[in-house]
Amino acid sequence: MGGLSKQKIFRLAKGFRGRAKNCITIATRRVEKALTNQGKSRMLKKRDFRSLWIQRINAGVREYGMKYASFIHGLQLDNIQLNRKVLANLATYEPYTFKALTDRAQVAVEAKEAQDKIDAKTNLLPTIAKQNFRQLKQQATSQARMWVQPDTRHGRDRWSQQNFEKL
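Residues numbered from 1 in each chain as written. Predicted model: local features only at pLDDT ≥ 70, side-chain atom pairs only at ≥ 80, totals over all residues. Heavy atoms only, no water.

Concerning the nonpolar core
In terms of nonpolar packing, the biggest core is built from 15 residues, with I57, V61, F71, L75, L87, F98 and L101 touching the most fellow members. For this core, the secondary structure elements donating two or more residues are α2 (24–62), α3 (68–77), α4 (84–93) and α5 (95–122). Residues contacting V61, with those up to four places away along its chain left out, are M66, K67, Y68, F71, F98 and T102. Judged by nonpolar contacts, the second largest core, of seven residues, contains I9, A13, F16 and A20. (Core = buried A, V, L, I, M, F, W, Y, C linked by side-chain atoms within 4.5 Å. Buried < 20%, exposed > 50% of the residue type's maximum accessible area, 1.4 Å probe, protein only. Helix = DSSP H or I, 4+ residues; strand = E, 2+ residues; numbered from the N terminus. Contact = heavy atoms within 4.5 Å.)

A word on the packing of α4 against α5
Where α4 meets α5, the axes come as close as 6 Å, and the angle between the chain directions of the two elements is 120°. Relative to α5, α4 is oriented oblique. The interaxial crossing formed by α4 with α5 has left-handed handedness. Touching L87, L90, A91 and Y93 of α4 are P95, T97, F98 and L101, all from α5. Here the residues of the contact of α4 with α5 sort into seven nonpolar, one polar and no charged. (Axes fitted to C-alpha atoms, helices over the stretch in contact; angles between N-to-C directions. Parallel < 35°, antiparallel > 145°, perpendicular 65-115°, else oblique. Left-handed = near helix turned anticlockwise from the far one by under 90°. Nonpolar A, V, L, I, M, F, W, Y, C, P; charged D, E, K, R; others polar.)

Some points on the environment of N58
Locating N58 in the fold gives a position in helix α2. Taking the C-alpha atoms as reference points, N58 and A88, separated by 30 residues in sequence, lie 8.9 Å from one another.

Observations concerning the side chain of T28
The topology assignment puts T28 in helix α2. Of the polar contacts made by the side chain of T28, one reaches the backbone oxygen of I24; its length is 2.5 Å. (Polar contact = N/O pair within 3.5 Å; in protein donor to acceptor, adjacent residues only side chain to side chain.)

Topic: the packing of aromatic side chains
Using the criterion set out here, one finds two aromatic pairs in the structure. Taken together, a centroid distance of 6.0 Å and an interplanar angle of 40° make the contact between F49 and W53 tilted. With F49 and W53 both in helix α2 and four residues apart, the pair spans about one turn of that helix. Residues F71 and F98 carry aromatic rings whose centres are separated by 5.4 Å and whose planes lie at 50° to one another, so their mutual orientation is tilted. In this pair, F71 is assigned in helix α3 and F98 in helix α5, connecting sequence segments 27 residues apart. Across the pair, F98 and F71 agree in class, each one buried. (Phe/Tyr/Trp six-rings, centres within 6.5 Å; stacked < 30°, edge-to-face > 60°.)

Quick notes on the pattern of salt bridges
Following the criterion strictly, the structure yields three salt bridges and no others. A salt bridge links R104 to D78, with the nearest nitrogen and oxygen atoms 2.8 Å apart. On the criterion of sequence distance, the pair formed by R104 in helix α5 and D78 in the loop between α3 and α4 is long-range, its members being 26 residues apart. Under the relative-accessibility criterion, D78 is labelled partly exposed at 25%. Put simply, D116 and K112 hold a salt bridge, and the shortest N to O gap is 3.7 Å. Of the two residues, D116 and K112 both sit in helix α5, four residues apart, roughly one turn of that helix. Look at D116 and you get partly exposed, because its relative accessible area is 36%. (Salt bridge = Lys/Arg side-chain N within 4 Å of Asp/Glu carboxyl O.)

Structural notes on the environment of N79
Within the element layout of this structure, N79 appears in the loop between α3 and α4. In this structure, the C-alpha to C-alpha distance between N79 and A105, residues 26 residues apart in sequence, is 9.7 Å.

Listed below in structure tokens is the structure:
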């Protein structure tokens, strides 16, 4: 470890066991290893807390007869943007609020399933539109490109007269 004085190494090695706290060669190796592993530990801490929050949410959701995945999907469908930390705290400390969230998620999932069944039965998109969808998408993107390209012939960004005539 170049650049660190003895005092700094011993200060960083404070609390280590055995000779790693008072023998400079061992302390240097242990401090170097500790400094390289501290980044890993920070990432593992984030991972562990996320899994803990998911476990707490799952336990809270199971009380009301839902699964974790369908609960999260229902929240996304209902456009409720709460992170897992907040949801875990609500599940632990605010059971009535969490019950309201599970009810809203359940309603959103059921509405989506009902809509999917209706779409499957009636087949809203005709087969011709399905076949020509890619062609229509390509035409729309090519037209959009024409509107985005500025006319720089005059030294400044000015839209060409050709694009304005299409309006």
